[in-house]
Amino acid sequence: MMDEGWAWSDAWIFVSVVIAGKVGRHRRSPLSRRPEGVRLVDVLATAEHLNQAIPDRAEIETGVRRLLGADLISVTDGWFQVTLSGEQLWRDRPRGGLTTTVDSVHGVLTRRYATADNDWRLDDQDHNAAMVEYTGRLLPTPRQSVENSTVAQRGPG
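The text that follows walks through the structure, step by step, so that each part is easy to find. Computed from a predicted model, the values in this text were never measured in an experiment.

1. Quick look at the packing of helix H4 (residues 84–92) against helix H5 (residues 98–112)
Where H4 meets H5, the axes come as close as 10 Å, and the angle between the chain directions of the two elements is 120°. With respect to their mutual orientation, H4 and H5 come out oblique. The crossing of H4 and H5 is right-handed. In this structure, H4 contributes Leu89, Trp90 and Asp92 to the contact, and H5 contributes Thr101, Val105, Val108, Leu109 and Arg112. Split into classes, the residues belonging to the contact of H4 with H5 amount to five nonpolar, one polar and two charged.

2. Here we look at the pairing of strand E2 (residues 79–82)
A regular strand places its side chains so that they alternate between the two faces of the sheet. Residues Phe80 and Val82 of E2 are buried on one face, while the alternating residues Trp79 and Gln81, pointing to the opposite face, are not. Summarising the sheet, strand E1 (residues 73–76) and E2 pair through four bridges and their orientation is antiparallel. The residue bridging Ile73 from the neighbouring strand is Val82, located in E2. Between E1 and E2, which pair antiparallel in sequence order, lie two residues; one of them, Asp77, sits at a positive phi of approximately 50°.

3. What about the nonpolar core?
One finds Phe14, Leu40, Val64, Leu72, Ile73, Phe80 and Val105 to be the most contacted residues of the largest nonpolar core, which totals 37 residues. Taken together, the elements giving at least two residues each to this core come down to helix H1 (8–20), helix H2 (40–51), helix H3 (57–69), E2, H4, H5 and helix H6 (124–138). Here this core takes eight residues from H1, the largest share from any one element. Contacts of Leu72, omitting those with residues within four sequence positions, involve Trp6, Phe14, Leu67, Gln81, Val82, Thr83, Ser85, Gly86, Leu89, Leu109 and Tyr113.

What counts and what doesn't
- Residues numbered from 1 in each chain as written.
- Predicted model: local features only at pLDDT ≥ 70, side-chain atom pairs only at ≥ 80, totals over all residues.
- Heavy atoms only, no water.
- Axes fitted to C-alpha atoms, helices over the stretch in contact; angles between N-to-C directions.
- Helix = DSSP H or I, 4+ residues; strand = E, 2+ residues; numbered from the N terminus.
- Parallel < 35°, antiparallel > 145°, perpendicular 65-115°, else oblique.
- Left-handed = near helix turned anticlockwise from the far one by under 90°.
- Contact = heavy atoms within 4.5 Å.
- Nonpolar A, V, L, I, M, F, W, Y, C, P; charged D, E, K, R; others polar.
- Buried < 20%, exposed > 50% of the residue type's maximum accessible area, 1.4 Å probe, protein only.
- Pairing = 2+ DSSP bridges.
- Core = buried A, V, L, I, M, F, W, Y, C linked by side-chain atoms within 4.5 Å.

As structure tokens, this is what we get:
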């Protein structure tokens, strides 16, 4: 496979893993981190928050392969974590607003890190399950009106 360098979506995936895993908060509160990592559904939800879009399967697979190859994230039993090298990249990145974070990280990746592919594959069932769970999170919960509540049906007292 010919390497075309870092794609913007690679940085998007990385920043999503960082934010979903609360790695950016590690200096303020070590207890706020998720030591086990985050699941794919959490990465998708964070990615959608950052870019008002969900990365497609190819973007996820390519990005994760490259990030694994550069030792910036790890994936174990479906749990995504930022490595020590990834934390260093995050700490050393140029600071800016949330809207420019992915662009900043993409610039750092392009200038400082060689892409290296990894053989990681996103299982169809894992991707589908994450998409179903994420879509379920988007459905609004029905509002309970006072008129239809159990208390209103029984009456006072």
